[in-house]
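# Structure assessment
As a plain string of letters, each chain reads:
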Amino acid sequence: MGMNTRVTELLGIEVPIVQGAMARIANASLAGAVSEAGGLGIIACGGAPLAWIEEQVGMARSITSKPIGANVMLMDPNAGAVAELLAELRVDVITTGAGSPANYMQLWKDAGIKVVPVVASSALAARMERLGADAVVAEGTEAGGHIGELATMALIPAVCDAVSIPVIAAGGIANGRGIAAAFALGAEGVQIGTRFLTVDECTIADAYKDKVIKAKDSDTIVTGRGSGHPVRCLKNAFSRKARKLEDDLAANGDELEAMYVGSLVRAIDGDVDNGTMMAGQSAALVYERKAAAQVVAELMAEAQALGALDLSALAAANARRERARGASSAQ
Ligand code: TUI
């Protein structure tokens, strides 16, 4: 199953799969399982207290002796303190989201940590390379949570043309076909979030997992575009109401902000009607619950099988393809 790319070499991992840092969701249980399976597990620090972060890093290290990453959400008011704590804890890799990590880059490099900013444009990718980033995650708008504008299909090759450091593709990737496509676009690794929402080691409520499994391709919605903080989540009563309020020009920004407070944690705890279930468009490609290690192994097997085919053999394989959704619901 193992595979060598500049990403596996840089991060000291066995397969070029990074688990997306999902705020309030990606804890030691999930990250430890993905790292132990040979990918890179990432603990999401966005919105988390410092004591929780320290505890989760310790727990992840008791689950696996392989590299572990952490993510700093740069819009978090506590980002500076989180940045310092992670430097002290010497996690192996830090990814960042929703901003520029310029202020922390030297601190982390001095601590011997690999720094991998998440970017949504080639301009930011080039800036990150100049600042000393070891790689970038280029995340298309298909992703869940806080997103940029560009789609993965256009973003990945543009970022690959703009930098020399390795590019990890994210946004819309949930199976081996997506991985093969990302590599065809120039990536040397992938970051996958949504597919890991339903694994056994992910501790969100079963009701949230069920909604991801049931989701079709048109079942996500983007809220917050007007406020400059677009977030992709599953459609439900809450997200439809939020969008409707936003679209109403008379809506009050403070009222909307207040509405979002605590909504992610409500969904994680199982309130799937009144919470924000962050998920990417690839929720449509998630059909089942499995152990994280099984998902990692399947992703690699499928990607490697496709990678061995030339274009006409790929087309022939596509012609034999069965309806996955129909097949899984018939089980
Ligand atoms: O960060 C993410 N995704 C996230 S963070 C998050 S936490 C949250 N919780 C509640 C409400 C809202 C958010 C949930 N999902 N992805 C990485 C990412 N970064 N996507 C896009 C960007 C990005 C966008 C613009 C990075 C940099 C940027 O520009 C910064 C600059 O300085 O130009």
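Reference entry: report on the structure contained in this document. (Residues numbered from 1 in each chain as written. Predicted model: local features only at pLDDT ≥ 70, side-chain atom pairs only at ≥ 80, totals over all residues. Heavy atoms only, no water.)

To continue, consider the packing of aromatic side chains. In the structure shown here, the tally under the stated rule is two aromatic pairs. Measuring from centroid to centroid gives 5.6 Å for Y104 and W108, while their planes differ by 35°, and the two rings are tilted. This pair shows no difference in class: Y104 is buried, exactly as W108 is. Between F238 and Y260, the aromatic rings sit 6.2 Å apart at their centres with planes inclined by 75°, giving edge-to-face as the arrangement. Of this pair, F238 sits in helix α11 (residues 237-247) while Y260 sits in helix α12 (residues 253-260), placing them 22 residues apart in sequence. Residue classification places F238 among the buried positions, given a relative accessible area of 8%. Taking the ring centre of F238 as reference, the NZ or CZ of R266 above it sits at 5.5 Å. (Phe/Tyr/Trp six-rings, centres within 6.5 Å; stacked < 30°, edge-to-face > 60°. Buried < 20%, exposed > 50% of the residue type's maximum accessible area, 1.4 Å probe, protein only. Helix = DSSP H or I, 4+ residues; strand = E, 2+ residues; numbered from the N terminus. Lys NZ or Arg CZ within 6 Å of the ring centre and 35° of its normal.)

Attention now goes to helix α6 (residues 122-131). Along α6, the residues that are buried comprise L124, A125, A126 and M128. Here the buried face of α6 lies against α5 (105-110), β5 (114-119), β6 (136-139) and α7 (152-162). Positive backbone phi, at 105°, marks G132, one or two positions downstream of α6. (Contact = heavy atoms within 4.5 Å.)

Before going further, it helps to examine the sheet that holds strand β4 (residues 93-97). Backbone-to-backbone hydrogen bonds join strands into a sheet, with any given pair of strands oriented parallel or antiparallel. In space, the eight strands of this open sheet follow the order β1-β9-β8-β6-β5-β4-β3-β2, with parallel pairing throughout. The open sheet has two edge strands with one neighbour each: β1 (17-19) and β2 (41-44). Going across the sheet, the axis of each strand differs from the next one's by a mean of 25°, ignoring polarity. Bridge analysis of β6 against strand β8 (residues 167-170) gives four bridges, and the strand direction is parallel. Residue pairing in the sheet places V136 in a bridge with V167 of β8. Of the strands in this sheet, β5 and β6 are in contact with α6, which crosses β5 at around 165°. Each of β1, β8 and β9 (189-192) touches helix α8 (residues 176-184); the most contacted strand, β9, lies at about 135° to it. (Pairing = 2+ DSSP bridges. Axes fitted to C-alpha atoms, helices over the stretch in contact; angles between N-to-C directions.)

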